[in-house]
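Residue-level structural notes
Residues per chain are reported as follows:
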Amino acid sequence: MTHPFLDLAPLSAARFASVEDRVARLLDTRHDVVIMQGEALLPLEGAIRGTAGPDTTALNVITGPYGRTFGDWLRDCGATVIDLAVPFHTAVTAEQIRAAFAKHPEIGFVSLVHAEAATGNTNPVAEIGEVVKEHGALFYLDAVASVGAEPVLPDAWGVDLCVIGAQKAMGGPAGVSAVSVSERAWARMAANPTAPRRSYLSLLDWKERWVDGGRKALPHAPAQLEMLALEACVERIEADGLETVMARHASAAAATRAGAVALGAGLEPYVHEAREAAPVATTLRAPAGVVASELVARALTGDPALPLAAGGGALAKEMIRVNHYGADATPGAVRSSLTALGAALAERGLTADLPGALRAAESAWR
């Protein structure tokens, strides 16, 4: 018996390298791009463990749950960590980063999440990058949620380590991810005696066995199906045009926000300022006295495939997420989500203006 998924010819090194090149073009970067064979947590952790050690003083920006995770990894590496936490309903500012450097000039590493799909905010990376560059610190960026939904430009922004995943706005697979690595980030890893070696977390292994070898021989068997899915995902973005894909996400965010405000019934945007709201997903605060997870569960009874979720952890009580990314960055997905939320609110005895919400969403679609 044969199967189209199971009986494929091995993926060649040349094809693997060509996918890396296409990802590099997507990021408009001349830095080395390494596609790693696992979900984005793999390069996110590997990049920190490769560059941070006991002699590192790191400014770790927390605008959502992933920032907390990065701080834990940095401390585990022995780094001195200065956490800069801001309320999850807002974004960090370049002025706050500058103030942190003024207070702690010894900072040599900055970790930041671009867009937090979990909390719905997005941070002004270009402005922050200018401040980081002034102080010569290594700049580490989690762009997993933002890539495909808004510009991600590691070279222009001075980002040394930029990690992306394809499973959100790119509309691709979760099983592979990528990281762009600057020359000085490679140098920092090479000088770091605690950097992982002969390890799945090791970026240096990829550099020595893959990049430095001219990308002629893969260090191990690649995740064939996931690599082909990533290739197809990038091809689709190239065909549509990255600007078009980003515009769809921006429209979905604007339409969802406008529709939720018009829906009323006590529902309101979780991120206060629209300019600080991520285009990849819109978060909403549940009405007073309503448990968000219960409302979402009710909204999903008619169609469990709707891109609705409650916030994670403690946020499950108050936050609703509309995950309008990838295939769900469409007017139909926004309308269906608002309709389901309106019905769930009405069942709770709350007055929701669904016709007004749908009109507002349609008007906001750009």
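First, a word on what this report is: a plain description of the structure on this page. (Residues numbered from 1 in each chain as written. Predicted model: local features only at pLDDT ≥ 70, side-chain atom pairs only at ≥ 80, totals over all residues. Heavy atoms only, no water.)

Structural notes on the sheet that holds strand β3 (residues 80-85)
Basically, it comes down to this: Strands qualify as paired when DSSP identifies two bridges or more between them. A run of H or I in DSSP counts as a helix once it spans at least four residues, and a run of E counts as a strand once it spans at least two, with each numbered from the N terminus. Helix axes are fitted to C-alpha atoms over the stretch in contact, other axes to C-alpha atoms as well, and angles between N-to-C directions run from 0 to 180 degrees.
Reading across from one edge, β1-β9-β8-β7-β4-β2-β3 is the order of the seven strands in this open sheet, with mixed pairing throughout. Each end of this open sheet is capped by a strand with a single partner; those strands are β1 (32-36) and β3. With direction set aside, neighbouring strand axes in the sheet form an average angle of 15°. Relative to strand β4 (residues 109-113), strand β2 (residues 57-62) runs parallel, the two sharing three bridges. Among the inter-strand pairings, L59 is bridged to a residue of β4, identified as V110.

Quick look at the state of the cysteines
As a reminder, the rule being used: The rule for a disulfide is simple: a pair of cysteine sulfur atoms within 2.5 Å. Any residue under 20% of the maximum accessible area for its type is buried, any over 50% is exposed, and the rest in between are partly exposed; the area is computed with a 1.4 Å probe on protein chains only.
In the structure shown here, the tally under the stated rule is zero disulfides. You can see C77 has no disulfide; the closest cysteine sulfur is in C162, sitting 19 Å from it. Classification of C77 by relative accessible area gives buried; the value is 13%. Free of any disulfide, C233 has its nearest cysteine sulfur in C162, 15 Å distant.

Observations concerning the environment of T256
Stated formally: By the convention used here, residues are in contact when the closest approach between their heavy atoms is within 4.5 Å.
With respect to the helices and strands, T256 occurs in helix α10 (residues 242-263). On the basis of relative accessible area, T256 is assigned to the buried category, the value being 2%. Expressed as a C-alpha distance, the spacing of T256 and G165, which sit 91 residues apart in the sequence, is 24 Å. Those residues in contact with T256 that lie beyond four places of it in its chain are T282, V322, H324, V334 and L338.

A word on the sheet that holds strand β11 (residues 282-285)
As a general point, the strands of a sheet are linked pairwise by backbone hydrogen bonds and lie either parallel or antiparallel. Overall, antiparallel pairing links the four strands, which are arranged β10-β11-β13-β12 in an open sheet. If you trace the sheet from one side to the other, it starts and ends with β10 (268-269) and β12 (308-310), each paired once. In this structure, β12 lies alongside strand β13 (residues 319-322), joined through three bridges in antiparallel fashion. Considered in β13, the bridge of A310 is made with I320. Contacting β10, β11 and β13, α10 crosses the sheet at an angle of about 15° to β11.

Considerations on the packing of helix α1 (residues 13-27) against helix α9 (residues 224-240)
Our working definition: Each angle gets one of four labels, with under 35 degrees taken as roughly parallel, over 145 as roughly antiparallel, 65 to 115 as roughly perpendicular, and the rest as oblique. Handedness of a crossing is defined here by the sense of rotation of the near helix relative to the far one, left-handed for an anticlockwise turn of less than a right angle and right-handed for a clockwise turn.
The N-to-C vectors of α1 and α9 enclose an angle of 40°; their axes lie 10 Å apart at closest approach. It follows that α1 is oblique to α9 by the angle criterion. The handedness of the crossing between α1 and α9 comes out as left-handed. Of α9, the residues touching α1 (which contributes R15, F16, S18, V19, R22, V23, R25 and L26) are M227, L228, L230, E231, V234, E235, I237 and E238.

Remarks on the environment of L161
Here L161 shows up in strand β8 (residues 161-165). Taking the relative accessible area as the measure of exposure, L161 reaches 0% and is therefore buried. C-alpha separation for the pair L161 and W186, spaced 25 residues apart in sequence, amounts to 9.5 Å. In contact with L161, not counting residues within four places along its chain, are A47, T51, L138, F139, Y140, L141, V179, S180, V181, A185 and M189.

Structural notes on unusual backbone geometry
The phi torsion at R215 lies on the positive side, around 55°, for a residue other than glycine. Residue position: R215 is located in the loop between α8 (203-211) and α9. What makes R215 partly exposed here is its relative accessible area of 24%. Phi is positive for A265, which is not a glycine, with a value near 60°. Along the chain, A265 falls in the loop between α10 and β10.

Considering the pattern of salt bridges
The condition is simple: Salt-bridge detection follows one rule: a side-chain nitrogen of Lys or Arg within 4 Å of a carboxyl oxygen of Asp or Glu.
Under the definition given, this model contains 19 salt bridges. Here R22 and E235 are joined by a salt bridge, their closest N and O atoms 3.4 Å apart. With R22 in helix α1 and E235 in helix α9, this pair connects stretches of sequence that are 213 residues apart.

Remarks on helix α11 (residues 292-299)
Rule in force here: As used here, the arc belongs to the directions running from the helix axis to the C-beta atoms.
Taken as a whole, α11 has its buried residues at A292, L295, V296 and A299. Relative to the axis of α11, the buried residues are bounded by an arc of 100° and lie together on one face. Residues of α11 that are buried sit in contact with β12, β13 and α12 (331-347).

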